[in-house]
Amino acid sequence: MTGIPGLTGVDHIGFTVPDLAAAHRWLIDVIGCEYMYTLGPYVHDDDWMTTHLGVDPRAVMQELHFFRCGGQAIFEVFQYSAPDQRTSPPRNSDVGGHHVAFYVEDLDAAVEHLHSHGVQVLGKPTASTGPSEGQRWVYFLAPWGMQFELVSYPNGKAFDRRAAT
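Quick caveat, the model's predicted, so the values are computed rather than measured. (Residues numbered from 1 in each chain as written. Predicted model: local features only at pLDDT ≥ 70, side-chain atom pairs only at ≥ 80, totals over all residues. Heavy atoms only, no water.)

1. Some points on the sheet that holds strand β8 (residues 147-152)
Right, on to step 1. Spatially, β5-β8-β7-β6 is the arrangement adopted by the four strands of the open sheet, whose pairing is mixed. The sheet is open, and its two borders are formed by β5 (100-103) and β6 (120-127), each paired with just one other strand. Ignoring strand direction, the axes of neighbouring strands in this sheet form an average angle of 20°.
Right, on to step 2. Note that strand β7 (residues 136-141) and β8 share six bridges and pair antiparallel. Paired with Trp 137 across the strands is Val 151, a residue of β8. (Pairing = 2+ DSSP bridges. Helix = DSSP H or I, 4+ residues; strand = E, 2+ residues; numbered from the N terminus. Axes fitted to C-alpha atoms, helices over the stretch in contact; angles between N-to-C directions.)

The structure is reproduced here in structure tokens:
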């Protein structure tokens, strides 16, 4: 047996934003997430923040909000203040670069929705080839610069069809 014993799936995705109120509105109004609840603030006068979260010991987790998206994904969205806080999000090519991908049934309608809300969409939808043939995708940016992606493959991907035969 390899891997983490008992692993059954992803529980949540956490990310930090510069303005939690603005991110809250964007996640609900543009993405369509459901707000669940708020926690915080968290402040410690010892090394707890460094030991448990890997941040500056004087970092303050001002507040965090939890959201459900599409009935399943849970986002844990933080707003911190910290003496050594970086404010530029990583690019996909940077170490630690990342994105969150949402599956949509109609990619063109979803892209039009993003455009109607003034969201920066990176290029036009791309059709995948090879094992992912049948998929179309496009990246877009949150107001704070975080990368997201829309993907759609209503008839499956090539590797799914090959595995079924």
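2. Digging into the environment of Val 104
Right, on to step 1. Mapped onto the elements, Val 104 comes out in the loop between β5 and α3 (107-116).
Right, on to step 2. A C-alpha to C-alpha distance of 31 Å links Val 104 and Tyr 80, two positions 24 residues apart in sequence.
Right, on to step 3. The contacts of Val 104, once residues within four sequence positions are left out, are Ala 110, Leu 150, Val 151 and Ser 152. (Contact = heavy atoms within 4.5 Å.)

3. Some words on the pattern of salt bridges
Right, on to step 1. Considering all chains together, one arrives at three salt bridges under this definition.
Right, on to step 2. Between Arg 91 and Asp 94 there is a salt bridge, with the nearest N and O atoms lying 2.8 Å from each other.
Right, on to step 3. Here Arg 91 falls in the exposed class, since its relative accessible area comes to 54%.
Right, on to step 4. Of the residues examined, Asp 94 reaches a relative accessible area of 27% and is grouped as partly exposed. (Salt bridge = Lys/Arg side-chain N within 4 Å of Asp/Glu carboxyl O. Buried < 20%, exposed > 50% of the residue type's maximum accessible area, 1.4 Å probe, protein only.)

4. Details of the nonpolar core
Right, on to step 1. With 28 residues, the main nonpolar core has Phe 15, Trp 26, Phe 75, Phe 140, Trp 144, Phe 148 and Leu 150 as its most contacted residues.
Right, on to step 2. Secondary structure elements with two or more residues in this core: α1 (20-31), β3 (60-69), β4 (73-81), β5, α3, β7 and β8.
Right, on to step 3. For this core, the element with the most residues is α1, which contributes five residues.
Right, on to step 4. Not counting residues up to four positions away in its chain, the partners in contact with Trp 144 are Phe 15, Thr 16, Val 17, Pro 18, Ala 23, Trp 26 and Pro 89. (Core = buried A, V, L, I, M, F, W, Y, C linked by side-chain atoms within 4.5 Å.)

5. A look at unusual backbone geometry
Right, on to step 1. With an omega dihedral of 10°, the bond running from Gly 40 to Pro 41 counts as a cis peptide bond.
Right, on to step 2. Tracing the backbone through its elements, the reader meets Pro 41 in the loop between β2 (34-39) and α2 (48-53).

6. Regarding the side chain of Gln 135
Right, on to step 1. Tracing the sequence through the fold places Gln 135 in the loop between β6 and β7.
Right, on to step 2. A relative accessible area of 10% means that Gln 135 is categorised as buried.
Right, on to step 3. For Gln 135, the side chain forms a polar contact with the side chain of Lys 157, separated by 3.0 Å.
Right, on to step 4. In contact with Gln 135, other than residues within four places in its own chain, are Thr 126, Ala 127, Ser 128, Val 151, Ser 152, Tyr 153 and Lys 157. (Polar contact = N/O pair within 3.5 Å; in protein donor to acceptor, adjacent residues only side chain to side chain.)

7. Points about α1
Right, on to step 1. Of the residues making up α1, those classed as buried are Leu 20, Ala 23, His 24, Trp 26, Leu 27 and Val 30.
Right, on to step 2. For α1, the N-terminal cap is Asp 19; the gap from its side-chain oxygen to the backbone nitrogen of Ala 21 is 3.1 Å.
Right, on to step 3. Phi turns positive, to about 95°, at Gly 32, one or two residues after α1.

8. Focus: the sheet that holds β3
Right, on to step 1. Within the open sheet, the four strands sit side by side as β1-β4-β3-β2. Their pairing is mixed. In the strand order of this sheet, the two ends are held by β1 (13-16) and β2, each with one partner. When strand polarity is set aside, the average angle formed by the axes of neighbouring strands in this sheet is 25°.
Right, on to step 2. Note: β3 against β4, nine bridges, orientation antiparallel. Along β4, the bridge assignment pairs Phe 67 with Phe 75.

So, to be careful, I would describe these as geometric facts and stop short of saying anything about function.
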